[in-house]
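Spelled out, the chains give:
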Amino acid sequence: MRKRILLSFLSVFLFCLTFAQTYEIQYIGSYNGKVLTDQTPTLVWANEKENFILNNKIREQKSDYPFEITKIEKPSNTIVSYGFLKPNEIISTSDAESVGKQTFELTNETKKILGYNCKKAVTKINSNTIEVWYTNDLKIKGGPSTLGQNLGLVLEVERNKNSVITANSIKKIKKTDIETLLKGSINSTDLLGYKDLLWKSRFTTLKVFENETINFSDESKSDEQIKRFANGTIILKKIKFPKISEGELVFAELKQQSNGDAYDRTGTVFFIPQDKSQSFFDGLEKGAKTLPLYDNGNGKQYYGITSTENYTPATEMMRFFTAFGTQKFNHLELKGKTWQTITPYRQDITELKPSLSEKELWIGTFIGNYDKGGHKVSLEITIHKSDQAVNKNNTVIPLFNTLNIMEMAGQDYSTMFNNDKGLFVEFTLQKDLKNAQLRYTTTGHGGWENGDEFVPKANSIFLDGKMSFSFVPWRSDCGSYRLYNPASGNFPDGLSSSDLSRSNWCPGTVTNPNFITLGDLKAGKHTIQVKIPQGPTEGTSFSSWNVSGVLLGSQ
């Protein structure tokens, strides 16, 4: 009996001794020989059974969400990843293959780190040369990443001779704090699903439209979520924006497919300011001719395109152009070409955030078409934490938008540039505006041969009667997007319609805005004028220019 008790005691003692041999290793990073400031040291808890990779902020439960803890199970080298998306929401996935696929060139080079004998192994990852220094003195395997888990205890990793993470302390501990961190419900998922959820948790996503139809049909009707106007060519949804802090980035992303329309069409993503007594939304509900009239003396009337004391036009977030029949017409095969199945459009719209932050706005998308099938679109707006300091403006003042969003409800094409006055807008600043810029988006349209779509034309912008900027908007890279255009016509000269250069747009692309510097503007009345030598009408063919302008700056 006494012997049995003694053996039991020894077993417990040995068990405790084994698991007491857990090591805590801290690592610090440096770049080009200089230790990085304000860094959170990487932390590793390692023993023969497993090791955990985290950092000190995570241990202290002060880390911002999302964050990860990685466990490597020994001896199988199975990587178990835990993603902390937000409080009480943890996901996990496992990978039993990655470590075994790592390959290294083992060298004879040695050095000591913290008094331990280390050997060097070298590998290449995505054209980066990685040097791994590891020790076998402690009889355990681990490290500050999943790299080198088969070698020994990794004490230093150097990438491309300039970026280094090095162990700066090793100590024995009796227990880790992992039980206080990995608690509660943990949802398992596959590896790709895990990566996707973790990635999406790093930013805020506002889903606007999901696989919605934009077409031309009397059957297009509004519902509780989506409003439809102009026979279905315009869709709208009200979106509540959170507070968007200084430095955060805002992106608009639209995905589009043909649902029957084979042609390249003008499209726009916009929001409707409702800061004045009349808005573009009123025109949608009551008719374009209820909006303020712009008449430049050319005999035509243009409604709702310029700001007035009591009206602000629709603000363009992103202009895009559909390709020739993406997806719907992929059956039109050409040898050696594999058509894309979706056309993506993504644009940084951070400069517009003063008009978005903490606002509830109608967000809309328009595609000009006369097809009952039309197009399918999905739209989302994402907000990303960042220290980016390019967009410092706190003021957004929409001035004009000649893109005839209500084309299928009687809004005329923007042909006002056929006389010298062109587009002329008066506006009043209540306060001085520093570092003023005009966010100017322009595209030319109209027929073959002499139409302005295919003829380079200078756009000249005048501030208070003086020319501020003049340039020729032109895209010569349209052939790069051939694989989005299965229904594009092919010509005897070996070119396709989608290959041809155009006035600042291509089928299947976004048109980027120009940011025109205007300097500091004093409070009071000002004018903006846009002049373009628009081509003449030829029979039933005419030219037009879709231009939108938003004044940016700081007040």
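Residues numbered from 1 in each chain as written. Predicted model: local features only at pLDDT ≥ 70, side-chain atom pairs only at ≥ 80, totals over all residues. Heavy atoms only, no water.

Colleague: Any details on the sheet that holds strand E35 (residues 544–554)? Residues and values, ideally.
Modeller: Read across the sheet, four strands follow the order E27-E35-E29-E33 without closing on themselves; strand pairing throughout is antiparallel. The sheet is open, and its two edges are formed by strand E27 (395–401) and strand E33 (514–521), each paired on a single side. Neighbour-to-neighbour, the strand axes of the sheet open up by a mean angle of 20°, direction not taken into account. (Pairing = 2+ DSSP bridges. Helix = DSSP H or I, 4+ residues; strand = E, 2+ residues; numbered from the N terminus. Axes fitted to C-alpha atoms, helices over the stretch in contact; angles between N-to-C directions.)

Colleague: So what's going on with the state of the cysteines? Residues and values would help.
Modeller: As enumerated under the stated definition, the model contains one disulfide in all. Disulfide partner of Cys 478: Cys 506, at an S-S distance of 2.1 Å. Disulfide Cys 478-Cys 506: the torsion about the S-S bond is -80°, which places it as left-handed. Of this pair, Cys 478 sits in the loop between strand E31 (466–471) and strand E32 (510–511) while Cys 506 is found in the loop between E31 and E32, placing the two residues 28 residues apart along the sequence. (Disulfide = S-S within 2.5 Å.)

Colleague: Explain the nonpolar core to me, and be specific about the residues and the numbers.
Modeller: The biggest cluster of nonpolar side chains holds 32 residues, and the ones touching the most others in it are Phe 241, Leu 254, Met 317, Leu 356 and Ile 363. Going through the elements one at a time, strand E14 (203–214), strand E16 (234–240), strand E17 (249–258), strand E18 (266–272), strand E23 (315–321), strand E25 (360–367), strand E26 (375–384) and E35 are the ones with two or more residues in this core. (Core = buried A, V, L, I, M, F, W, Y, C linked by side-chain atoms within 4.5 Å. Buried < 20%, exposed > 50% of the residue type's maximum accessible area, 1.4 Å probe, protein only.)

Colleague: Provide a residue-level description of the packing of aromatic side chains, including the pertinent values.
Modeller: On inspection of all chains with the given rule, the structure shows 14 aromatic pairs. Residues Tyr 65 and Phe 67 carry aromatic rings whose centres are separated by 5.3 Å and whose planes lie at 35° to one another, so their mutual orientation is tilted. Residue classification places Phe 67 among the buried residues on the basis of a relative accessible area of 13%. Judged by centre distance (4.9 Å) and plane angle (10°), the rings of Phe 281 and Trp 362 are stacked. (Phe/Tyr/Trp six-rings, centres within 6.5 Å; stacked < 30°, edge-to-face > 60°.)

Colleague: Lay out the confidence of the model for the protein in plain terms, naming residues and giving numbers.
Modeller: Interpretation of the predicted coordinates at a detailed level should be avoided for regions scoring low in pLDDT. Per-residue pLDDT for the protein has a mean of 94; in total, 96% of the residues score no lower than 70. Confidence drops under a pLDDT of 50 for residues 1–19, and excluding neighbours within four residues, the segment shows two contacts in the predicted structure. (pLDDT = per-residue confidence, 0-100. Contact = heavy atoms within 4.5 Å.)

Colleague: Can you lay out the sheet that holds strand E34 (residues 524–531) for me, pointing to particular residues and giving the numbers?
Modeller: Strand order in this open sheet of four strands is E28-E34-E30-E31, and the pairing throughout is antiparallel. A strand with exactly one partner marks an edge of an open sheet, and here the two such strands are strand E28 (423–429) and E31. Taken over all neighbouring pairs, the strand axes of this sheet differ in orientation by 20° on average, direction set aside.

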